[in-house]
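Tertiary structure, described
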Amino acid sequence: MNEQTTLSSTTLTLADVQARLAQRQKATERKLVNTCEECQKTYRPERRWQRFCSDTCRYANRANSGLRQITELEREVEFLLTENERLRKRIAELET
Ligand SMILES: [Zn+2]
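The model shown is predicted, which means the values in this text are computed figures rather than measured ones.

**Let's talk about the overall build of the chain**
- Of the regular secondary structure elements, the chain holds three helices and two strands.
- Walking the chain from its N terminus toward its C terminus, one meets helices and strands in the order α-α-β-β-α.
- Within the chain, buried positions represent 3% of all 96 residues.

Printed below as a string of structure tokens:
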């Protein structure tokens, strides 16, 4: 009567076991140590969805995120302007 149970447990491949082990290990690692998204320090998270080591970092990140977006956009604009200039020169070269 327990044939089915036995059968299903034997059909478990090595890859399945390894995948499960890796998953479990990952879960354990996540519980033990986390890297703060703001100060990059490692800390022991109290909650699974915790992203920062402290409230200070959490508020700092919120305050800085707008500034970071602006910096990123400025960098992108600079890149696009350079690229535009490069392509314009290339077109001029090709036209002569
Ligand atoms: Zn932090």
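On we go from here.
**Points about helix α3 (residues 55-95)**
- Under the 1.5 Å per step criterion, the end-to-end length of α3 is 59 Å for 41 residues, consistent within 8% with the ideal 60 Å.
- Where α3 bends most, the angle comes to about 35°, and this point is N64.
- Within α3, only zero of the 41 residues are buried, which leaves it mostly out in the open.

**Here's the deal with the confidence of the model for the chain**
- With 85% of its residues at a pLDDT of at least 70, the chain reaches an overall mean of 86.
- Ranking the helices and strands of the chain by mean pLDDT puts α3 first, with 94, and helix α1 (residues 3-10) last, with 55.

Criteria and cut-off values
Residues numbered from 1 in each chain as written. Predicted model: local features only at pLDDT ≥ 70, side-chain atom pairs only at ≥ 80, totals over all residues. Helix = DSSP H or I, 4+ residues; strand = E, 2+ residues; numbered from the N terminus. Buried ≥ 20, exposed ≤ 12 C-beta atoms within 10 Å, placed from the backbone. Expected span 1.5 Å × (residues − 1). Bend = angle between axes of the 7 residues up to and from the residue. pLDDT = per-residue confidence, 0-100.

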